[in-house]
Amino acid sequence: MTVHQNFIGGEWIPAGNAAPNINPSDVTDVVGEYARASRAEADAAIAAAKAAFPAWARSNPHERYEILMRVSTEILARKEELGRLLAREEGKTLADGIGEVTRAGQIFGYFAGEAVRIAGEKFASTRPGIEVDVTREPVGIVAMITPWNFPIAIPAWKIAPALAYGNCVVIKPADLVPGCAWALADIIARAGVPKGVFNLVMGRGSEIGDVLLNHDDVAAISFTGSVGTGRKVAQAAVTAPVMKKVQLEMGGKSPLVILDDADLAVAVEAAANGAFYQTGQRCTAGTRLVVTEGIHDRFVEGLVERMKQLVVDDALKPGTNIGPVVDQNQLDQDLRYIAIGQKEGARLAWGGERLNRDKQGFYLQPALFTECSTDMQIVREEIFGPVAAVLRVKDYDEALKVANDTTFGLSSGICTTSLKHATHFKRNSDAGMVNVNLPTAGVDYHVPFGGRKGSSYGPREQGHYAIEFYTTVKTSYTLA
Ligand code: NAD
């Protein structure tokens, strides 16, 4: 099997070390062999980016527009094939894989346009005869560290703005899913980026992560992943001799409030989709279902019926709604939390069984706990699997309090037909993204994405707001 190589300084580098990428729907299926970068290779990627930066920072924005458009066009033209690769390596369904690839293509198209829309501001000075200009410049070399659950969309939403605004990139994708990142690197390599502007180093965080985090030539780090790793990233960034700009998108435990006046079918669908689709492996998954007592029993009954219809099987099989858990470690974590929930006294209303299918994969029946309380671990901690907890509350006021009673603040939702409660919830939810009569997961590509409290740190990602992280502002005074 040929080894997919790292891309450093405009060259594909023969691998000293490689590891197989395994399909979680069928562990006998090896998606490919992917290089594991050494520390010296991570260093070389940063050196290549440093050499490329001065010219790229001053490149013509239309050149950057054209490169990013070529990337967008190729991703969209190959969305079926890349969606299949994504479903095969990560385990989300083919439809979800194609959807994610489409989003990656749209993001590159959006930021192609942003490259030619970089504007400055002119101010009247408070001193006579002076003009004041405020302009934006690229930050420098941006190191990117990404998680396994969105193998192409998250690299895309970091790489596209970084390149659009004139930065150089060194990206380390999650070692569980190097396939989509490699395919994206191959597209970017052929789209005409100058040598060294974009570099891919695949490998383990524990092996090469600290090179990216601690290198003096890295000016900024964009990280998406767990809170634990995020904390290490932040510490490295602020204890460096020259502190680095840092952006962290981390975990969630998003609440979906269901009020007595909700449309039951809408609420059941929003809950089933938000908590269990993509195997619950979304940072925005709505896994805390906060339900007022008048609708509680009907809602639980409806959701259990809906869960019984969900087909858990091979991600590539037509008709599958929910693919496998990503790997054995995550499956063990999900099962551990299901056991904890039972020990804590919650009632397992449905699911939670390990499933056998034709192929040997990590299949888990979605699980619903009822009779939960706010102090339980299954209510407070991110499980990152298809496991949801129902909290029964008296009324809207208690629902809002319970919804906000979390250290996380990524996304939230409410199902109601009351404009008054929907409006109040939008204003008073502690989350960075709020959904009304929709699942907590599911976002547009042209608006900011991110959270509050323990979920996020630093400037927002995506949409025009991405400019805050990927540029730095300069104020110039001229005696006219
Ligand atoms: P993780 O923290 O284990 O790994 C994320 C990345 O960090 C990987 O590339 C990993 O190799 C790297 N890494 C690990 N240790 C490192 C170290 N010491 N130094 C440098 N890099 C290191 O997270 P994961 O399991 O890949 O992803 C799941 C988590 O990501 C969940 O908590 C989920 O909520 C979160 N997530 C958040 C968002 C968001 O935008 N808020 C989006 C997707 C996923």
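Keep in mind the model is a prediction, meaning the values are calculated, not measured.

**Q** Can you tell me about the sheet that holds strand β7 (residues 130-138), naming the residues and giving the values?
**A** Strand order in this open sheet of three strands is β6-β7-β23, and the pairing throughout is antiparallel. Because the sheet does not close on itself, it has two edges, and the strands there are β6 (121-124) and β23 (471-479). Direction aside, neighbouring strands of the sheet carry axes that sit 25° apart on average. Where β7 lies against β23, nine bridges are found, and the strand directions are antiparallel. Across the sheet, the residue bridging to P138 is T471, located in β23.

**Q** Give a description of the packing of aromatic side chains that names residues and reports values.
**A** Under the criterion given, the structure shown has nine aromatic pairs. Plain terms: the ring middles of W148 and F384 are 5.3 Å apart, the flat faces sit at 70° to each other, and that makes the pair edge-to-face. Highlighted residues: W148 in the loop between β8 (141-145) and α5 (153-164) and F384 in the loop between α12 (377-380) and β19 (387-393), separated in sequence by 236 residues. A relative accessible area of 15% places F384 in the buried class. Arranged with centres 4.9 Å apart and planes meeting at 90°, the rings of F469 and Y470 form a pair that is edge-to-face.

**Q** Now, about the pairing of β8: what can you tell me, with residues and values included?
**A** For a regular strand, the rule is simple: side chains alternate between the two faces of the sheet. Of all five residues that make up β8, five are buried, and the element is covered over most of its length. Residues I141, A143 and I145 of β8 are buried on one face, and the alternating residues V142 and M144, pointing to the opposite face, are buried as well. In this sheet, strand β9 (residues 168-172) lies alongside β8 in parallel orientation, the contact comprising five bridges. Note that in β9 the partner of I145 across the bridge is K172. The parallel pair β8 and β9 is bridged by α5, and the resulting crossover is right-handed. Pairing analysis gives four bridges linking β8 to strand β11 (residues 220-224), with the strands arranged parallel. Across the sheet, residue A143 finds its bridge partner in β11, namely I221.

**Q** Lay out the site of the ligand in plain terms, naming residues and giving numbers.
**A** Around the ligand sit 27 residues, and of these T146, S226, T229, M250 and E382 come closest. For the ligand, an oxygen atom lies 3.3 Å from a polar atom in the backbone of G205. At 3.3 Å from a nitrogen atom of the ligand is found a side-chain nitrogen or oxygen belonging to E249. For the ligand, whose unbound accessible area comes to 850 Å², protein coverage reaches 87%.

**Q** Can you lay out the sheet that holds strand β1 (residues 3-4) for me, pointing to particular residues and giving the numbers?
**A** An order of β1-β5-β4 is seen for the three strands of this open sheet, with the pairing classed as mixed. The two strands at the open ends of the sheet, each matched to only one other strand, are β1 and β4 (18-23). For β4 and strand β5 (residues 26-35), the ladder comprises six bridges, and the chain directions are antiparallel. From the neighbouring strand, I22 faces β5, where its bridge partner is V30. Running over the sheet, helix α3 (residues 79-90) touches β4 and β5 and is turned about 110° from β5.

**Q** Summarise the layout of surface pockets; cite the residues concerned and give the values.
**A** To find the voids left in a structure, one rolls a probe of water-molecule size over its atoms. Of the volumes computed, that of the largest pocket is approximately 970 Å³. In terms of lining residues, the largest pocket is bounded by 34 residues, among which P147, W148, G225, S226 and T229 are the most central. Elements supplying a minimum of two residues to the lining of the largest pocket: α7 (205-214), β11, α8 (227-239) and α11 (328-344). Broken down by element, the lining of the largest pocket gets its largest block of residues, five residues, from α7. Here the lining of the largest pocket spans two domains, since at least three of its residues come from each of domain 1 (3-250 + 455-479) and domain 2 (255-436).

**Q** Any chance you could break down the domain arrangement of the chain for me, citing the residues and the numbers?
**A** Domain boundaries assigned for the chain yield domain 1 (3-250 + 455-479) and domain 2 (255-436). Each of domain 1 and domain 2 was reduced to a C-alpha centroid, and the two centroids are 31 Å apart. Contacts between the two partners involve 23 residues from domain 1, matched on the other side by 27 residues from domain 2. Counting each side, the surface lost to burial between domain 1 and domain 2 is near 2,000 Å², with a carbon and sulfur contribution of 60%.

What counts and how
- Residues numbered from 1 in each chain as written.
- Predicted model: local features only at pLDDT ≥ 70, side-chain atom pairs only at ≥ 80, totals over all residues.
- Heavy atoms only, no water.
- Pairing = 2+ DSSP bridges.
- Helix = DSSP H or I, 4+ residues; strand = E, 2+ residues; numbered from the N terminus.
- Axes fitted to C-alpha atoms, helices over the stretch in contact; angles between N-to-C directions.
- Phe/Tyr/Trp six-rings, centres within 6.5 Å; stacked < 30°, edge-to-face > 60°.
- Buried < 20%, exposed > 50% of the residue type's maximum accessible area, 1.4 Å probe, protein only.
- Right-handed = clockwise from strand over helix to strand, strands pointing away.
- Near = heavy atom within 4 Å.
- Polar contact = N/O pair within 3.5 Å; in protein donor to acceptor, adjacent residues only side chain to side chain.
- Areas by Shrake-Rupley, 256 points an atom, 1.4 Å probe, with all protein chains shown as cover.
- Contact = heavy atoms within 4.5 Å.
- 1 Å grid on protein atoms, 1.4 Å probe; cavity = no way out; pocket = protein on both sides within 12 Å on 5 of 7 lines; lining within 4 Å.
- Points joined across faces, edges and corners; volume = space filled by probe spheres on them.
- Domains from an automatic or database assignment.
- Buried area = accessible area lost by both parts, 1.4 Å probe.

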